[in-house]
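# Analysis of the macromolecular model
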Amino acid sequence: RTNMSADGQNLVQRIFDRAPFIQSLKIELLAFGAGWCEARVCVVPSFEQQHGLVHAGVLMTLADHTCGGAAATMVRPGQDVITVSNSFSFLRPASGPVLYCRAQVLRMGQRLAFVEGEVASEQGEARVISAKATSTLAIVPLERNSSERA
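First, a word on what this report is: a plain description of the structure on this page. These numbers come from a predicted model, not from an experiment. (Residues numbered from 1 in each chain as written. Predicted model: local features only at pLDDT ≥ 70, side-chain atom pairs only at ≥ 80, totals over all residues. Heavy atoms only, no water.)

## A short note on the nonpolar core
What counts here: Here the nonpolar core consists of buried residues drawn from Ala, Val, Leu, Ile, Met, Phe, Trp, Tyr and Cys, with membership extended through side-chain atoms lying within 4.5 Å. Classification of residues uses two cut-offs on accessible area relative to the type maximum, computed with a 1.4 Å probe and protein chains only: under 20% is buried, over 50% is exposed, and between them is partly exposed. Secondary structure is summarised from DSSP: a helix means a run of H or I of at least four residues, a strand means a run of E of at least two, and numbering begins at the N terminus for each. In this description, contact between two residues means that some pair of their heavy atoms is separated by no more than 4.5 Å.
Membership of the largest hydrophobic core comes to 39 residues, with the highest contact counts inside it found for Phe 16, Ile 27, Leu 62, Leu 99, Val 115 and Val 119. Secondary-structure elements contributing two or more residues to this core are α1 (6-17), α2 (20-25), β1 (28-33), β2 (36-42), α3 (56-72), β4 (98-108), β5 (112-123) and β6 (126-141). Of all the elements, α3 adds the most residues to this core, at eight residues. Those residues in contact with Val 119, other than ones at most four positions away along the chain, are Leu 59, Leu 62, Ala 63, Leu 99, Tyr 100, Cys 101, Val 128, Ile 129, Ser 130 and Ala 131.

## Some remarks on a nonpolar patch on the surface
The condition is simple: The patch calculation keeps residues exceeding 30% relative accessible area without a salt bridge and links them within 9 Å when they carry like charges or within 5 Å when they are nonpolar (Val, Leu, Ile, Met, Phe, Trp, Tyr). Here the open area of atoms and residues is found with the Shrake-Rupley method and a 1.4 Å probe, where only the protein chains shown may cover a residue. We define a salt bridge as a contact between a side-chain nitrogen of Lys or Arg and a carboxyl oxygen of Asp or Glu at a distance within 4 Å.
On the surface, a cluster of nonpolar side chains totalling about 330 Å² of accessible area is made up of Val 84, Leu 106, Leu 112 and Phe 114. Here Leu 112 is to be found in strand β5.

## Examining the packing of aromatic side chains
Which entries qualify depends on this criterion: Centre distance within 6.5 Å is the pairing criterion for rings of Phe, Tyr and Trp, where only the six-membered ring of Trp is used; planes under 30 degrees apart are then read as stacked, over 60 as edge-to-face, and the remainder as tilted. By definition here, charges over rings are those cases where NZ of Lys or CZ of Arg is within 6 Å of the ring centre and within 35 degrees of the ring normal.
Scanning the entire structure with this criterion turns up one aromatic pair. In this structure, Arg 127 is placed above the aromatic ring of Tyr 100, and the distance from its NZ or CZ to the ring centre is 3.8 Å.

## Quick look at α3
Side chains of residues three or four places apart in an α-helix project in the same direction, reflecting 3.6 residues per turn. As a reminder, the rule being used: Helix span, as expected, comes to 1.5 Å for every residue beyond the first.
The terminal C-alpha atoms of α3, which comprises 17 residues, lie 24 Å apart, in line with the 24 Å expected from a rise of 1.5 Å per residue. In terms of burial, α3 is a largely internal element, 13 of the 17 residues being buried.

In structure tokens, the structure reads:
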């Protein structure tokens, strides 16, 4: 977690800890540093769609939130991020008991952040990519009251 202020570290942690939807899916923050973030979610039967595969919404939510975490590592104190657009490519059905996402900031501007993420599962010793995400996030003023919401 080098090259990050304490404010940046706290913001990333808050993004995961204080989002009720993310908590309901049990998406976990694994690690982060300047310009990147990793998260995971354990697959449960309620995540399945009608064909028995992990629903695209689960993959998209995992990627969206992890991309937000990566962008949050790069904002200045007093700033936050919010998604303005996402693009997803589903490469293969997600399989395995745990899905992982790693997101990396491609470019930080004054008003927008561009982030790329990959959702993968472990198969043997390797991680197999199921989906790729490209996310654009707006850099907005931090709502001080948001840190008090639970």
